[in-house]
Amino acid sequence: MIYAVKQSALALGAADLVRPKSLLAAPRISILPSICAAKNSNFQLSTRKPLSLPSLEGLGFPSVVKPRGLGFKREAFEADRSENIEISHQEARSAAGQKLRIGIYFATWWALNVVFNIYNKKVLNAFPYPWLTSTLSLATGSLMMLVSWATGIAEAPETDFEFWKALAPVAVAHTIGHVAATVSMSKVAVSFTHIIKSGEPAFSVLVSRLLLGETFPLPVYLSLVPIIGGCALAAVTELNFNMTGFVGAMISNLAFVFRNIFSKKGMKGKSVGGMNYYACLSILSLLILTPFAIAIEGPQMWTAGWQKALSQIGPHFVWWVAAQSVFYHLYNQVSYMSLDEISPLTFSIGNTMKRISVIVSSIIIFHTPVQPVNALGAAIAILGTFLYSQAKQ
Ligand code: 3PG
């Protein structure tokens, strides 16, 4: 089983704000770990020549008598040098191992996310009750973590009232962001939701600027032009445009930006690691979401919808629901695992790449009709997120 924590946000923008734990706890590791390792270690590139001692006999010393000091010096240097070579080999090996690990995290994260999005959409097509499916995702993740703590697979976190108090606003934002994205996907193509979600950096900058008074260098503001312009172009040319779907994705962006801001504050100085932080977040979000899901949709609608979906899809509909719930938790866990290894910036680039894989795969799997100008809008928006990540560097 995979353990870690979630965080969302495309973005970068949010990347910085986004994902709770990493921001605070994750060591900032260079995108180029080997260079970083070399910089910080004993690994040295030297232009100095090694110490070379001339023949002692040539200096008039008897061949059998070697001055102790010089002999000792030479031995010490050689020992030192071989130690350095050994250390540099170890550094190189560990840097290569880390690169491989990050590559595996990224590939797993994207793959799990693609699978989640596919099953989530399949479920929503047959059973259009996003409040229940959102609740089931959180319930499954919470259950997985509670069982893991109870059985000792994962160590339960030590929390106090202050921790839960600080987590509350994060959980509210997480709940809103999650349910809004799911509502969006129940109304429009998965690809469209993710194109709009690629606009998250714009929300991050605007909220940070307008509410927190943060300022950014000009290139950051300029990078928002293609993000906003690309999203707008994709939205107006979307063949299956739906206002609820569009607004849901926009609300999700805004909520995740706030979640990241609150997470940052809430995690400060806390010892709960990323995996357990996300587990607590899932549990609290579940408690918040359940009464709303019952009030907005409710058991009567769910029962009728469930019967209908079962009769249309067959018994394996239940497996679709299980898959979307489990994969939701797993992809978030892996995303947090990667956050432990990389900087928020690298993470945000990975998140943007994730959206590309989701957009492309969902268009192929669901045969989503796309016009060239619509694809152009998506491409401009995605390019904007890359420019944004560079500008924030
Ligand atoms: C959700 O349901 O929470 C969203 O689909 C999450 O989307 P993201 O992790 O890709 O931002």
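Conventions and cut-offs
- Residues numbered from 1 in each chain as written.
- Predicted model: local features only at pLDDT ≥ 70, side-chain atom pairs only at ≥ 80, totals over all residues.
- Helix = DSSP H or I, 4+ residues; strand = E, 2+ residues; numbered from the N terminus.
- Buried ≥ 20, exposed ≤ 12 C-beta atoms within 10 Å, placed from the backbone.
- Contact = placed C-beta atoms within 7 Å.
- UniProt positions renumbered as here; feature names shortened; annotations may be inferred.
- Core = buried A, V, L, I, M, F, W, Y, C linked by C-beta atoms within 7 Å.
- Axes fitted to C-alpha atoms, helices over the stretch in contact; angles between N-to-C directions.
- Parallel < 35°, antiparallel > 145°, perpendicular 65-115°, else oblique.
- Left-handed = near helix turned anticlockwise from the far one by under 90°.
- pLDDT = per-residue confidence, 0-100.
- Nonpolar A, V, L, I, M, F, W, Y, C, P; charged D, E, K, R; others polar.

A. Here's a closer look at the overall build of the chain. Along the backbone of the chain there are 15 helices and 0 strands. Burial statistics for the chain: of 393 residues in total, 46% are counted as buried. Of the contacts made within the chain by residues no fewer than 6 positions apart, 90% connect residues no fewer than 24 positions apart.

B. Representation of the UniProt feature "transmembrane region" (unreviewed entry) in the chain in the model. Mapped onto the present numbering, the UniProt feature "transmembrane region" (unreviewed entry) falls at residues 102-119, 131-154, 243-262, 274-296 and 372-389. Taken as a whole, residues 274-296 contains 100% helix and 0% strand, while its terminal C-alpha atoms sit 32 Å from one another.

C. The arrangement of the nonpolar core in detail. In terms of nonpolar packing, the biggest core is built from 82 residues, with Ile 195, Leu 281 and Tyr 331 touching the most fellow members. Ranked by the residues each element gives to this core, the list is headed by helix H4 (residues 68-126), at 12 residues.

D. Spotlight on the packing of helix H8 (residues 200-210) against helix H9 (residues 218-236). The interhelical angle for the contact between H8 and H9, taken along N-to-C directions, is 140°, at an axis separation of 9 Å. One finds that H8 runs oblique with respect to H9. Where H8 crosses over H9, the handedness of that crossing is left-handed. Contact residues: H8 offers Pro 201, Ala 202 and Val 205, while H9 offers Val 220, Leu 224, Ile 227 and Ile 228.

E. The arrangement of the confidence of the model for the chain in detail. Looking at the chain as a whole, its pLDDT mean stands at 79, while 76% of the residues score no less than 70. Ignoring residues within four places in sequence, the model shows residues 1-75, a span with pLDDT below 50, making 163 contacts including any to other chains.

F. Focus on the packing of H9 against helix H15 (residues 372-392). H15 packs onto H9 with a crossing angle of 160° between their chain directions and a minimal axis gap of 7 Å. Between H9 and H15, the crossing angle belongs to the class labelled roughly antiparallel. In the packing of H9 onto H15, the handedness of the crossing is left-handed. Here the residues of the contact of H9 with H15 sort into 16 nonpolar, 7 polar and 1 charged.

G. Inspection of the environment of His 178 at higher detail. On the secondary structure map, His 178 appears in helix H6 (residues 161-187). For His 178 and Ala 255, which are 77 residues apart along the polypeptide, the C-alpha to C-alpha distance reads 8.6 Å. Excluding its chain neighbours within four sequence positions, the residues that come into contact with His 178 are Ser 134 and Ser 285.

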